[in-house]
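Examining the three-dimensional arrangement
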Amino acid sequence: MAPREVRREAHAKINVFLRVLAAREDGYHDLESLVAPISLADTVTVREAEALRVDVRGAERLTGDVPAGGLNLALVAALAIGDACPDAGGAEIVIEKRIPVAAGLGGGSADAAGTLLALNDLWGCGLDLATLAQLGERIGSDVPAMLVAGPALVSGRGEQLAPAEMASFWWVLVHFGFGVRSPDAYRWWDEDGGARGPDPEPLLDAAAAGDADALGRHLFNDLEPSVFARYPDIARAKEGLLSAGALGAVMSGSGSSVVGLAGDEADAWSLAERFPGSLVVAGPPAH
Ligand code: C5P
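Report on the accompanying structure. In this text, all values refer to a predicted model and were calculated from it rather than measured experimentally.

Reading the values: the criteria
Residues numbered from 1 in each chain as written. Predicted model: local features only at pLDDT ≥ 70, side-chain atom pairs only at ≥ 80, totals over all residues. Heavy atoms only, no water. Near = heavy atom within 4 Å. Polar contact = N/O pair within 3.5 Å; in protein donor to acceptor, adjacent residues only side chain to side chain. Areas by Shrake-Rupley, 256 points an atom, 1.4 Å probe, with all protein chains shown as cover. Helix = DSSP H or I, 4+ residues; strand = E, 2+ residues; numbered from the N terminus. Nonpolar A, V, L, I, M, F, W, Y, C, P; charged D, E, K, R; others polar. Pairing = 2+ DSSP bridges. Axes fitted to C-alpha atoms, helices over the stretch in contact; angles between N-to-C directions. Buried < 20%, exposed > 50% of the residue type's maximum accessible area, 1.4 Å probe, protein only. Arc of directions from axis to C-beta. Contact = heavy atoms within 4.5 Å. Parallel < 35°, antiparallel > 145°, perpendicular 65-115°, else oblique. Left-handed = near helix turned anticlockwise from the far one by under 90°. Phe/Tyr/Trp six-rings, centres within 6.5 Å; stacked < 30°, edge-to-face > 60°. Core = buried A, V, L, I, M, F, W, Y, C linked by side-chain atoms within 4.5 Å. Disulfide = S-S within 2.5 Å.

Moving on to the site of the ligand. Neighbouring the ligand are Gly 27, Tyr 28, His 29, Leu 31, Gly 140, Ser 141, Arg 157, Ser 182, Pro 183 and Tyr 186. Between Arg 157 and the ligand, the recorded distance is 2.9 Å, taken from a backbone N or O atom to a nitrogen atom. Burial of the ligand by the protein amounts to 74% of the accessible area it has alone, namely 460 Å². Looking at the shell around the ligand, the element that brings in the most residues is helix 6 (residues 182–191), giving 3 residues. Of the residues in the shell around the ligand, the class split is 4 nonpolar, 5 polar and 1 charged.

The following block contains the structure:
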């Protein structure tokens, strides 16, 4: 018998590197990125109900910017799986928000992925991961990567996945009260001449080996120069993390968040003391 309530942690992600390859005809950009889940997560709970509705709960500073209507990605996800699942009914979807919004941490995509997985169980749809990923990529480029529990090397517009090996590292996450819209960040990259970062091979080796010093030296994100030029606060956060002793620091996704890499958990907590409101996270979370 199908369960009456399903609860899922919807983990945020960071982009350990993000390399933009080229603008495409369809308005997207081909990219390569190592996407790692982090310990910070929203909770998605779905329950049987007559109709379909989404309720977003959490601190006002987090939920204020979450779209409540048709643009809510969890609702889009529910409608998408509803179409694909013969046994779909109604559902109450409750999202407890902890992931900052429009922060480059994939919060909306994580909620969408969590909703797909939870409703698949609640409604007994029996859809496999590949089918859920096909539904997910229509919702957002990040959604397929958020369906898998571990780190992924992504390509295409972000929807093509290969499993990646990555040890667990400690990070200090600095986030802001504003977001950066992805379409803007990618358009600025075009306008500013589209610089492309290095071959990520040494970074991938360091991530797999658990070598924080080497990983810190190799972190990069091709969207940084254009975003930093328009949001100097984000550039200052990265400089601040580096001068406070982070082994490396990088903006996640199209911003606005920046993560600083620490050597271990104790270093991460002492680094975080210098950045009020920052969070200490493990990425990927240790099992
Ligand atoms: O797929 P998603 O909804 O996250 O993309 C939002 C926007 O970000 C796209 O419409 C596009 O402008 C930009 N984008 C891009 N290349 C990607 C991913 C996103 O240009 N690989």
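On we go from here.
Taken in spatial order, the 4 strands line up as 9-10-7-11 in an open sheet, and their pairing is antiparallel. Looking at which strands have only one partner, the edges of the open sheet turn out to be strand 9 (248–251) and strand 11 (279–283). Averaged over all adjacent pairs, the angle separating strand axes in this sheet is 30 degrees, with direction ignored.

Quick look at helix 11 (residues 265–272) now. Those residues of helix 11 lying buried are Ala 268, Leu 271 and Ala 272. Down the axis of helix 11, the smallest arc covering the buried residues is 95 degrees, so these residues share one side. In this structure, the buried side of helix 11 is in contact with strand 7 (169–174), helix 10 (232–243), strand 10 (258–262) and strand 11.

Between helix 2 (residues 73–84) and helix 4 (residues 129–139), the least distance of the axes is 10 Å, while the angle of their chain directions is 140 degrees. Regarding the angle of helix 2 to helix 4, the classification is oblique. At the point where helix 2 passes helix 4, the crossing takes the right-handed sense. Residues Leu 73, Val 76, Ala 77, Ala 80, Ile 81 and Ala 84 of helix 2 lie in contact with helix 4, whose contacting residues are Leu 132, Leu 135 and Ile 139. Its residues assigned to classes, the contact of helix 2 with helix 4 comprises 9 nonpolar, no polar and no charged.

Turning to the packing of aromatic side chains, a few remarks are in order. Taken as a whole and assessed by the stated rule, the structure comprises 5 aromatic pairs. Aromatic side chains Phe 176 and Phe 178 sit 5.2 Å apart centroid to centroid with 35 degrees between the ring planes, which places their arrangement in the tilted category. Here Phe 178 falls in the partly exposed class, since its relative accessible area comes to 27%. Arranged with centres 6.3 Å apart and planes meeting at 50 degrees, the rings of Trp 188 and Tyr 231 form a pair that is tilted. Of the two residues, Trp 188 sits in helix 6 while Tyr 231 sits in the loop between helix 9 (224–230) and helix 10, which places them 43 residues apart along the sequence.

Quick look at the environment of Val 174 now. If you trace the backbone, Val 174 turns up in strand 7. Separated by 105 residues in sequence, Val 174 and Leu 279 have C-alpha atoms that sit 6.7 Å apart. Leaving out residues up to four positions away in the same chain, Val 174 has contacts with Ala 237, Leu 241, Ser 257, Val 258, Phe 275 and Ser 278.

Here the focus is the nonpolar core. Core analysis: the largest hydrophobic core is formed by 59 residues, its most contacted members being Val 16, Leu 34, Ile 81, Leu 116, Leu 119, Trp 171 and Leu 215. For this core, the element with the highest residue contribution is helix 3 (residues 107–122), accounting for 8 residues. Within the second largest apolar cluster, 33 residues are counted, among which are Val 172, Ala 237, Val 258 and Leu 271.

Going through the model one piece at a time under the given rule, you end up with 1 disulfide. What pairs with Cys 85 in a disulfide is Cys 125, and their sulfur atoms sit 2.3 Å apart. For the disulfide bridge between Cys 85 and Cys 125, the dihedral angle about the S-S bond is near -95 degrees, and by the sign convention the bridge is left-handed. With Cys 85 in the loop between helix 2 and strand 4 (90–97) and Cys 125 in the loop between helix 3 and helix 4, this pair connects stretches of sequence that are 40 residues apart. The two residues Cys 85 and Cys 125 agree in class, both being buried.

Once that is clear, we can look at helix 4. Taken together, the buried positions of helix 4 are occupied by Leu 132, Leu 135, Gly 136 and Ile 139. Taken down its axis, helix 4 places every buried residue within 100 degrees of arc, on the same side. The exposed set on the far side of helix 4, more than 90 degrees from its buried face, consists of Gln 134 and Arg 138.

The interhelical angle for the contact between helix 2 and helix 3, taken along N-to-C directions, is 35 degrees, at an axis separation of 8 Å. For the pair helix 2 and helix 3, the crossing hand works out as right-handed. Between helix 2 and helix 3, the residues in contact are Leu 73, Ala 74, Ala 77, Ala 78 and Ile 81 and Gly 108, Ser 109, Asp 111, Ala 112, Thr 115, Leu 116, Leu 119 and Asn 120, respectively. Of the residues assigned to the contact of helix 2 with helix 3, the class counts are 8 nonpolar, 4 polar and 1 charged.

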